[in-house]
Structures are given as structure tokens and as C-alpha cells.
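Notes for the structure review
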Amino acid sequence: MKLKFASATAVALVLSMSAGTAHAEDVTAWRLFVTDREQPKVTVIDAVKGEVLDTFALKGPASLYRSTSGRTVFAVQGDAGSVTSISSGISFDDHGDHGDIDVEAPKLTGTEIAGEKPSHFVEHDGVFAAFFDGEGVGRIISEKAALEGKSEFREVKTAAPQHGVAVAYGSHVLLSVPNKEKPDELPVGIGTVDATGNQVDETAACPDLHGEASSGNILAFACATGLLVVTHGDGAPEIQHLPYADSLPDGKSTTLIGGRGLQYFLGNYGPDKVVLIDPTAKSDAFRLIELPTRRVHFAVDPIRAKFAYVFTEDGQLHQLDVVSGTITQSLKLTGPYSMEGHWNDPRPRVAVAGDKVVVTDPLKGVLHLVDAATFAKAGEIAVEGKPYNIVAVGGSGKVHDQEAEKDHAHSHDPAVQQIYKGYFEDGQVKDRALSDWAGEWQSVYPYLQDGTLDPVMAHKAEGGDQSADEYRAYYEIGYRTNVERIKIDGDTVTFFEGGKPLEARYVSDGHEILTYKKGNRGVRFIFKKTEGDAAAPEYIQLSDHKIAPEAADHYHLYWGNDRAALLEEVTNWPTYYPSSLNAKEIVSEMMAH
């Protein structure tokens, strides 16, 4: 069994601060990172104010990729042989009933990865892999290292230079396999290599491999024959082939985007069509959507999960309802952008920034803003040069008055309120035994996926600063895990994935006190594996808002093989409630906090 370790992973101390939020200011911040088609630069724009914040010089024109967390933007400069890391200046901390936002100036982090012809750049669980076509090499780096300005990476090599791809997948790497007979053509499959660089399974055939994306816990590669669908398997990634439906016309996808909030893939299919793909469907996995003319670019909406957007060469932006599989609205934005000519000619690109859909117009030197709710024009932002590739980073959160928050917390007796909110003295922290978490526990992630927690998201929206869909998309990342059940009995922890057990024994490895930027703190109780199944994590860390021996009523569990990394990353916090609670009781518990 392969556990889905929380994003190498993952760690946030989820605190309820319902009283403390009285001293918080609601802040919305969105930033647009825009490259120029001809000039080696990235322009950073405040999407709320429409103002240019900064411009960063690059070595060459670039494609842009943003991390899932939004903390990092990468500029891939194929012709210049460089991948540059940029700190977006926006980060979030989750505290259960609200999220805190930190807004700083964007900056170059100093991380630069050099090589010949970088092309595909892929993130999986917070780890990035850049593939260098001219060398046939993938270079892998963590977001933490990129933000710290380090250029330390792990390198994996394929048999020959190729227009390929690498994806870091837990302790394995998925690597494209070149066409030995015709090395200038697209790869022919995917191989899985372990930490030592040895291939562990037979190559999964994928002729004309080009295009990859993730949606939820599923990764997919586009092939001439269909999709390779990758999930966590027993000891290594499990790869299955999803063939194109016989009802589809001749064609293939070469670009994939993964849905957020809803699990699907959107791919191109010929010049004037797109295809919606349900990777879990037993039948009718592919739905073809005809476009009025040839497609220029498309993007999914990470906030309003049911929508995606397609820009066509007649200058129109189309809203696509991915549930019904129909185009629901269209809006004329620009003059025509013919798809004739070079594939990399300056043409519009689409991104979503909060309540706005943003479309670049390189020939006019502007960004067009569209109101996502009304699908009407909402203004323009002038950008010098030919604005081309674009990514958006941001969201809404609370900024706390640290001293007022701390005073407010300490004004309440009993002291347990202060501790729950993260204000305590070091001397109050005591080591705890694993027995504090004894029992059988269920993940809340399936309840989020099947809609059970929709009332919780609606409740949060009533008192928060985001929509229910925005909260749902946020918790989709936070709660995500394949481990549906956990049993803790004495010093033994049993993880269940797909009903299959994975068991190990653990002893206390102490605790760590974490200090957050807002002044509040948290405690992580850490346990180290002594024996058990080889695939079981070396470390588990538990957080339940308590700092001394006491039975837990729910908890957030972080696991992996790197103790220090678990204390640093903040993206994903698998959450468990007693298995004895039914769905309705879990909803009540959550809404009470």
C-alpha cells in the first residue's frame, strides 16, 4: 500500500479563534504575474487596485507556473535555459474557522535552475519537477527550498533528450520514455523509478505523450490513445489506461488541465473542440464540446468549481459549465487572433483572480477583466509591451492586531481558552503518550467530496469573507488524503487505504513548539517508527489544540519520512474524527466551532 503522505508534507496547526477574530481586519489580495511575448520580464500587478507592483528581469521570454499554495511562481525560460523562482508575497495560515493572510512585496527568491531547453514544469504534492528537453533530465526541488533561495535539486535522467516530462510522486518519479527509433518525436510511455533511480515497473505505453495534470488525488497523462491515469498503488504508483471512447472523432488531447473542487480533466481535442474527462467513470468518461471556432486558450475556475473558460480565435471568451457540459455564456473581448502562423505567436491567455476572469490582449497591451458572476466586462489594466502568459495568486483572509489579539485571549478565564487559541508558556507544555489518541478514527475528506460538509461551507461563508465554493476548494486541499481510517491501539498505528491495513509501532520523539507570524503558537507531538511495515511513515505528528496529556476529540495528523519537513510545510492537514460519529454528528461538531 502506498500512503498519500501529506504533501511531503503538509502541516498546519488548525486553530479555532472565534473570539479572537474580533481583532482582525479582513483583507483581499490578488496579484497577477504577466510575462511579455518578446521581452525577458515578469510584471507583477495588484489585481484589486490595477497597479503595477514590480517588474523582474529574466534571461528570456517565459512561461509561468504557480504553486498550489500560491506562495511561489516559476518562470520557465526555454530558450534561455533557466527556471527562475519568484515569491508571490502572499501566503495563508489556516485556523479552522478562518484563514490568516500575509501580504508582502513580491521578490525574486534567488533560486535558479539551469539546463538545456526547460519545458514541462509539474507540481505534485508541493514538489516541483522541471524537465530539460535538451538533456533528457528532470530536476526536482521543493517549494521550501525555492522560497529559501536554494538551488539544490534532485536529478533524474532518461535514456535520451526528448520533449518529455518528470513528475515527483512520493518517493518515486514518473518519467517519460523517449521514442528510440525516432528520437525527435514525442515520448512513447511513462516509466516509474524509485529513489535510487531504478525503474520499478514496466513502461506504461503512452504513444505521443504530451500534456499532464492533476485533479484531486489523480494524475493524468495525455496520449494518442487516451489517458494514463495514475493513483497511489501498493508500494508504487498505479497506472491505468483510459482509452478514448469509440464515439469520439479522430483526434487526441495534447493539453490537460485538472479541475479544482470537482474531479475532472479538461483537454483540447482537435483545433475547435475541448473534451471533459471523468477519470473515475465506468462509462461515458469523455464529453466532447464543440466550439464556434478554433480554440486559443482555456482555464478552469479554481473558485467556482463548476466553471471553466475557453478563449477562441474570434476574440470571444466562453463560460463552460463542466457539470452540464455546455457553453452557458460568451463575451466578445478582443479583435480576432488567428491560429494560423507559429504556435507561439502572441495570443491571449486566461487566468482567474478572485471574482474576475482576466484575459491578456498582447496586441493591445491590456488585460481585460470580466466579472465572474455576471460575465460582463469589468474594466482593463494597461500593461507595457505585449502581455502574454499570466497566472493569478491570492485570496481573502484576516490580518490580526497581534498585541490586541494576545491581550484579548489572556482576558478570558479559564486558561484553557488561551491555550486553545495558541497562547501559553513553554512550561505548560508536557509530553503526551500515543494513548491520548487511542481509538478508531475516520477521515472527513470523503464527507467533503460527497457534499455532506456543504452546510459547513455555507455556514463559514455566512460569517466569513469567502463564498461556500471558495471554502470548499480550500478544504479540498486541506483535508485531502487517501487514508480513510486510522486505528491507534497502544503504540501501534494502523492506516487503512482502500480497506487495506498498513501497520507500524511508534514511540514518542518529543514535541515541537511552533511560533506563527501572528504571535500565537502551537504544539506538535511527534512519534517515530520503531518497527512495522516498510511503507509506513517514519514519523507521525499530531495536533489537537491541546498541550498536555488529555484525550483528543479530533485531530490533524501529519506523516512522512522527514521530521523537519513536516514542521515547515503548510498546505495539507488530514483531519480525523471518531469513527463512532455519523455524518450528521460530524457536521454538528464542525459548525459548533
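Quick caveat: nothing in here was measured; it's all calculated off a predicted structure. (Residues numbered from 1 in each chain as written. Predicted model: local features only at pLDDT ≥ 70, side-chain atom pairs only at ≥ 80, totals over all residues. Heavy atoms only, no water.)

**Overview of the overall build of the protein chain**
- In terms of regular secondary structure, the protein chain is built from eight helices and 42 strands.
- Summarising its shape, the C-alpha atoms of the protein chain cover approximately 70 × 55 × 45 Å along the three principal directions.
- Put simply, the protein chain has 593 residues, and 55% of those count as buried.
- About 23600 Å² of surface is accessible on the protein chain, with carbon and sulfur atoms providing 48% of the total.
- Each charge class in the protein chain was averaged separately, 55 positive and 86 negative side chains, and the resulting centres sit 2 Å apart. (Helix = DSSP H or I, 4+ residues; strand = E, 2+ residues; numbered from the N terminus. Buried < 20%, exposed > 50% of the residue type's maximum accessible area, 1.4 Å probe, protein only. Areas by Shrake-Rupley, 256 points an atom, 1.4 Å probe, with all protein chains shown as cover. Lys, Arg positive; Asp, Glu negative; His and termini not counted. Charge placed at Lys NZ, Arg CZ, Asp CG, Glu CD.)

**What to know about the side chain of Glu143**
- Summarising the element assignment, Glu143 is placed in helix 1 (residues 143-147).
- Salt bridges are absent for the buried Glu143, whose nearest opposite-charge side chain, Arg71, sits at 5.2 Å.
- When residues no more than four places from it in sequence are discounted, the contact partners of Glu143 are Ser67, Ser69, Arg71, Thr72, Gly126 and Phe128. (Salt bridge = Lys/Arg side-chain N within 4 Å of Asp/Glu carboxyl O. Contact = heavy atoms within 4.5 Å.)

**Description of the sheet that holds strand 27 (residues 307-312)**
- Read from one edge to the other, the open sheet built from four strands follows the order 26-27-28-29, with strand pairing classed as antiparallel. Unpaired on one side and paired on the other, strand 26 (295-300) and strand 29 (326-332) mark the two borders of the sheet. Each strand axis lies, on average, 20° off the axis of its neighbour in the sheet, ignoring direction.
- Taken together, the five bridges between strand 26 and strand 27 define a ladder with antiparallel strand orientation. In the sheet register, Val300 faces strand 27, and the bridge partner there is Ala308. (Pairing = 2+ DSSP bridges. Axes fitted to C-alpha atoms, helices over the stretch in contact; angles between N-to-C directions.)

**Here we look at the side chain of Lys546**
- Along the polypeptide, Lys546 turns up in the loop between strand 40 (539-543) and strand 41 (555-560).
- The buried charged residue Lys546 lacks any salt bridge, with Asp553 as its nearest oppositely charged partner at 4.0 Å.
- Excluding its chain neighbours within four sequence positions, the residues that come into contact with Lys546 are Arg432, Phe525, Ala551 and Asp553.

**Topic: the packing of aromatic side chains**
- Here the structure, examined in full by the defined rule, presents 17 aromatic pairs.
- Clustering of aromatic rings is evident, with ring pairs tying together Tyr65, Phe74, Phe121 and Phe128.
- Above the face of the Phe525 ring, Arg432 is positioned so that its terminal group lies 4.9 Å from the ring centre.
- Sitting above the plane of the Phe496 ring, Arg485 keeps its charged end 3.8 Å from the centroid. (Phe/Tyr/Trp six-rings, centres within 6.5 Å; stacked < 30°, edge-to-face > 60°. Lys NZ or Arg CZ within 6 Å of the ring centre and 35° of its normal.)

**Structural notes on a negative patch on the surface**
- A cluster of acidic side chains, namely Glu550, Asp553, Glu585 and Glu589, defines a negative patch on the protein surface.
- As for its position among the elements, Asp553 is in the loop between strand 40 and strand 41.
- For Asp553, a relative accessible area of 42% gives the class partly exposed. (Patch = residues over 30% accessible without salt bridge, like charges linked within 9 Å, V, L, I, M, F, W, Y side chains within 5 Å.)

**Digging into the environment of Val76**
- Considering the arrangement of structural elements, one finds Val76 in strand 5 (residues 72-77).
- Separated by 37 residues in the primary sequence, Val76 and Ile113 place their C-alpha atoms 9.4 Å from one another.
- Filtering out sequence-adjacent residues up to four positions away, Val76 remains in contact with Pro61, Ala62, Ser63, Tyr65, Ser82, Val83, Pro118, Ser119 and Phe121.

**Section: the environment of Gly422**
- Considering the arrangement of structural elements, one finds Gly422 in the loop between helix 3 (415-421) and strand 35 (439-443).
- Look at Gly422 and you get buried, because its relative accessible area is 1%.

**Some details on the pattern of salt bridges**
- Overall, the coordinates contain 25 salt bridges when judged by the stated rule.
- Note that Asp208 and Lys252 form a salt bridge whose closest N and O atoms lie 3.2 Å from each other. Of this pair, Asp208 sits in the loop between strand 17 (204-205) and strand 18 (212-215) while Lys252 sits in the loop between strand 21 (237-243) and strand 22 (256-258); the two residues are 44 residues apart in sequence, bridging distant segments of the chain.
- Under the relative-accessibility criterion, Asp208 is labelled partly exposed at 29%.
- Residues Asp345 and Arg347 are paired through a salt bridge, measuring 3.8 Å at the closest nitrogen-oxygen approach.
- With relative accessibility at 27%, the residue Asp345 sits in the partly exposed group.

**Notes on the confidence of the model for the protein chain**
- Taken residue by residue, the protein chain gives an average pLDDT of 88. The fraction at 70 or more is 90%.
- In the model, residues 1-23 has pLDDT below 50 throughout and makes 125 contacts with residues more than four positions away in sequence or in other chains.
- The low-confidence segment residues 402-414 (pLDDT under 50) makes 22 contacts with residues lying over four places distant or belonging to another chain. (pLDDT = per-residue confidence, 0-100.)

**Let's talk about the sheet that holds strand 15 (residues 172-177)**
- Strand order across the open sheet formed by four strands is 14-15-16-17, with antiparallel pairing between neighbours. Both outer strands of the open sheet, strand 14 (166-169) and strand 17, are each paired with one neighbouring strand and no more.
- With five bridges connecting them, strand 15 and strand 16 (residues 189-193) associate as antiparallel partners. Directly across from Val177, in strand 16, lies its bridge partner Gly189.

**Considering unusual backbone geometry**
- A positive phi angle is found at Lys117, which is not glycine, with a value near 55°.
- Mapped onto the elements of the fold, Lys117 is located in the loop between strand 9 (107-114) and strand 10 (118-124).
- You can call Lys117 exposed: its relative accessible area is 52%.
- One non-glycine residue with positive phi stands out, namely Asp125, at about 55°.
- Relative to the helices and strands, Asp125 resides in the loop between strand 10 and strand 11 (127-132).

**Here's the deal with the pairing of strand 18**
- Examined bridge by bridge, strand 18 and strand 19 (residues 218-222) share four bridges and lie antiparallel to one another. Residue pairing for strand 19: Ser214 is matched across the bridge by Leu219.
- The hairpin turn running from strand 18 into strand 19, its antiparallel successor, is two residues long, and Gly216 in that turn takes a positive phi close to 60°.

**Looking at helix 8 (residues 583-592)**
- Within helix 8 the residues assigned to the buried category are Ile586, Val587 and Met590. Here the buried residues of helix 8 occupy an arc of 100° about the axis, which is enough to place them on one side. Residues of helix 8 that are exposed and point more than 90 degrees away from the buried face comprise Lys584 and Ala592.
- Among the residues of helix 8, the N-terminal cap falls to Asn582, whose side-chain oxygen and the backbone nitrogen of Lys584 are separated by 3.2 Å. (Arc of directions from axis to C-beta. Polar contact = N/O pair within 3.5 Å; in protein donor to acceptor, adjacent residues only side chain to side chain.)

**Description of the environment of Val48**
- Tracing the backbone shows Val48 in the loop between strand 2 (41-46) and strand 3 (51-57).
- Placed 306 residues apart in sequence, Val48 and Gly354 show a C-alpha to C-alpha distance of 9.3 Å.
- Ignoring sequence-local partners within four residues, the contact set of Val48 consists of Thr28, Ala29 and Trp30.

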